[in-house]
Amino acid sequence: MTQPTNPHYRAVLTTIGRSLQYFFSVSRSMGDNYTTWSQEALIARVQELEKSLAQYNKQTLPIDNVTATTIPPVAAIRPKTPPPKEKKKRAFDASRYSTRLIALKFAYLGGNYNGFEHQANNPTPLPTVEEKLFEALLKSRLVAPAATDKPEESGSLVKFWPGEEIAQYSKGGRTDRGVSAFGQVVGVRLRSNRPLPSRPASRGRSIVGDVRDKEEELISPPPSPAEFDDIKDELPYVQILNRLLPHDIRVLAWAPNPPPDFSARFNCRGRQYKYFFSNPAISPRNNSSCSSFSGRLDIAKMQEAASYFLGENDFRNFCKLDASKQINNFKRIIYESSIEEVLTSRVGTGSGIEAPKMYYFNLRGSAFLWHQVRHMIAILFLIGERLEEPSLVKELLDAEKNPRKPQYEMADSRALVLWECYFSEGELDWVYGENEEKDGLMDIVWMEWHKSRLEEVLREGLAGIVEETKRKATAAAEAEELSKPVPPADKNKGHILIDGGSRVLHRGKYIPVMQRARMDEVEVLNEKYREKKPERVSGKGKARRAVDAAAAAATEEVEVEGVV
């Protein structure tokens, strides 16, 4: 038998052997026959032997310079299993792949995001939509990360975004926190499945990155460059990104061949917004003695006021003035401006009470200023409450007569949707995702809609039951109240501000907009900012004026019929 070489093993075996030898030698010398002993005698004998054994061990240890305290437990002297070797990830080599400039059209619900635009050096309480888009592009390696081949091991992926110039990235519009978009467009240069001229076609097959194994089934080996089809043989951009994006951000389509210098911002010929609201705007019963507003908006007056926005006008009184931007041109062209009813079936509450109607402010124009749409609908709400007349819009559009903006609150952001970005006809040919994709776009959107719709039905039913209970308690007074015509707003009482949100905002005595305190003129605001922070506007004013002039020239060329 092979003798153990470890001194700890030898010490343990020697101790056990000597202890057994001592025990049996004592037993033989005593000549005891334990079969005749009583239980008490046996116990006493065992205790005597244990005591003798302990004394013997003290005399015989240490053994081979190994003491009892140095003898390790069995678990400690077992050989350790070597850790498994880490699988080395393959580095991504962007030079092995060709790239191409494309346009992406996508939609998102803005409630969970801090707006669209990513703020690189300004942390936000919520992520931005652009941040999630950048993460998906980097994780799929459709855009090569900067600085490292393994951005997922170093924290947030967004810090490795290569920049707008390298990625040739541009966006059609920017939305604020809470604002949604159903037709947002960006331009970006992505990795392509088209083989490089000097590379064998077999090397352009797989996607490299975390999603490689999941996406390989979607990609077939590309043909030679001469046979490459721009659509059929290309990477399935829509499917790849939708697998990585949150469910409330969905890529709808991609355009394969935009112009070489395409910019989603400057090539955009117009944008359409829709602002949704209900009528009644608040519960008709959520009234108090502080206000005479019944909750019902005057849609006809709002429609009249909205029509005054049409054409080219100066919208300095319908936007948030920011002197840091040094803007001087506030003229914009509005092609469509109307109040429309949402044509959808209303869910009955089962109590015979009619559910509120839904409307939207439809607005389509060449370009828009900061918070312009929310200022426009805020004025329309005041008119709908009968606190102002439709002629207020004309007054505010007259920049020569009223160059200083009166102070008023803009509308809430949640109901605003960037509906569409328009480009010249034939400039972008959209390619939509596959119809038979498992767990595809429609399935995911339908599940989210179904959940929200059920919640709506339940809440509407609860509201109907509460309303019916109150109606039964005050049937006579109710009939008399509803038979009266809607009274004009009493401006001497407090008023309720309608901002498009779900809150009921009680305000004090109403002050007409044209009688309120006003801001300085735009030129004065810009000059004050230049004097206060000259280092921040050095060259910016000249650059801004050049951009304004280019935008004005572009809008003059775009006619209503020319926008698709």
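Residues numbered from 1 in each chain as written. Predicted model: local features only at pLDDT ≥ 70, side-chain atom pairs only at ≥ 80, totals over all residues. Heavy atoms only, no water.

Asks: Before we go on, may I ask you to explain the overall build of the chain in this structure?
Replies: The secondary structure content of the chain amounts to 13 helices and 12 strands. Summarising the internal contacts of the chain: among those between residues at least 6 apart in sequence, 75% fall at separations of at least 24. Just so you have it, the chain exposes about 31900 Å², and 53% of that area is on carbon and sulfur atoms. (Helix = DSSP H or I, 4+ residues; strand = E, 2+ residues; numbered from the N terminus. Contact = heavy atoms within 4.5 Å. Areas by Shrake-Rupley, 256 points an atom, 1.4 Å probe, with all protein chains shown as cover.)

Asks: Is there a simple way to think about the packing of helix α7 (residues 299-307) against helix α8 (residues 372-384) in this case?
Replies: If you want to describe how two helices pack, look at the angle between their axes and the distance between the axes. Running from N to C, α7 and α8 point in directions that differ by 145°, and their axes come no closer than 8 Å. Considering how the two elements wind past one another, α7 and α8 form a crossing that is right-handed. When α7 is examined against α8, the residues K301, M302, A305 and A306 are found in contact with a partner set consisting of L380, F381, I383 and G384. Broken down by class, the residue content of the contact of α7 with α8 amounts to six nonpolar, one polar and one charged. (Axes fitted to C-alpha atoms, helices over the stretch in contact; angles between N-to-C directions. Left-handed = near helix turned anticlockwise from the far one by under 90°. Nonpolar A, V, L, I, M, F, W, Y, C, P; charged D, E, K, R; others polar.)

Asks: Got a minute to help me understand the environment of E389 in this structure?
Replies: Note on placement: E389 falls in the loop between α8 and α9 (391-397). A relative accessible area of 44% places E389 in the partly exposed class. For E389 and A305, which are 84 residues apart along the polypeptide, the C-alpha to C-alpha distance reads 8.1 Å. In contact with E389, other than residues within four places in its own chain, are K301 and I383. (Buried < 20%, exposed > 50% of the residue type's maximum accessible area, 1.4 Å probe, protein only.)

Asks: Honestly, the pattern of salt bridges in this entry has me stumped. Any pointers?
Replies: Within the structure shown, the criterion is met by 19 salt bridges. K171 is paired through a salt bridge with E117; the nearest N and O atoms lie 3.3 Å apart. With K171 in strand β2 (residues 170-171) and E117 in the loop between β1 (99-108) and α3 (129-139), this pair connects stretches of sequence that are 54 residues apart. Of the residues examined, E117 reaches a relative accessible area of 24% and is grouped as partly exposed. The partner of D230 in a salt bridge is R194, with the nearest N and O atoms 2.8 Å apart. With D230 in the loop between α5 (212-215) and α6 (237-244) and R194 in the loop between β3 (180-191) and α5, this residue pair connects regions lying 36 residues apart in the sequence. According to the relative accessible area criterion, D230 is partly exposed, its value standing at 23%. We classify R194 as partly exposed; its relative accessible area is 31%. If you follow the salt bridges from partner to partner, you end up with E117, E130, E164, K171 and R174 in one network. (Salt bridge = Lys/Arg side-chain N within 4 Å of Asp/Glu carboxyl O.)

Asks: I'm lost on the state of the cysteines in this one. Help?
Replies: Think of a disulfide as a covalent bridge from one cysteine sulfur atom to another cysteine sulfur atom. Counting across every chain of the model gives zero disulfides. Looking at the unpaired C268, the closest cysteine sulfur is the one in C421, lying at 4.6 Å. (Disulfide = S-S within 2.5 Å.)

Asks: Is there a simple way to think about α8 in this case?
Replies: What sets the pattern is the α-helix's 3.6 residues per turn: residues three or four places apart point alike. The terminal C-alpha atoms of α8, which comprises 13 residues, lie 19 Å apart, in line with the 18 Å expected from a rise of 1.5 Å per residue. α8 sits mainly inside the fold: 13 of its 13 residues count as buried. (Expected span 1.5 Å × (residues − 1).)

Asks: Would you mind going over the pairing of strand β8 (residues 357-365) with me for this structure?
Replies: Extensive coverage of β8 is indicated by the burial of seven of its nine residues. When strand β5 (residues 270-279) meets β8, the two strands line up antiparallel, connected through nine bridges. Of the residues in β8, the one forming a bridge with F277 is Y359. With seven bridges connecting them, strand β7 (residues 331-341) and β8 associate as antiparallel partners. Bridge pairing links S338 to N362 in β8. (Pairing = 2+ DSSP bridges.)

Asks: Hey, could you run me through unusual backbone geometry in this one?
Replies: Omega for the peptide link from N279 to P280 comes to 10°, which places this bond in the cis form. Mapped onto the fold, P280 is located in the loop between β5 and α7. Even without being glycine, Q168 reaches a positive phi, approximately 50°. Following the sequence through the fold, Q168 ends up in the loop between α4 (164-167) and β2.

Asks: What is the right way to look at the nonpolar core in this model?
Replies: Side chains of a nonpolar character, in soluble globular proteins, are inclined to be buried together. With 94 residues, the main nonpolar core has F318, F361 and I379 as its most contacted residues. With nine residues, α8 is the largest single contributor of residues to this core. Not counting chain neighbours up to four residues away, the residues in contact with F318 comprise F309, H371, Q372, H375, M376, I379, V393, L396, L397 and Y408. (Core = buried A, V, L, I, M, F, W, Y, C linked by side-chain atoms within 4.5 Å.)

Asks: Help me out: how do you make sense of the side chain of R100 in this one?
Replies: Along the chain, R100 turns up in strand β1. The buried category is assigned to R100, whose relative accessible area is 9%. Polar side-chain contacts of R100 include one of 2.8 Å to the side chain of E234. Polar side-chain contacts of R100 include one of 3.0 Å to the backbone oxygen of P256. When sequence neighbours within four positions are dropped, the list of residues in contact with R100 reads V188, R189, L190, S192, F228, D230, E234, Y237, W254, P256 and N257. (Polar contact = N/O pair within 3.5 Å; in protein donor to acceptor, adjacent residues only side chain to side chain.)

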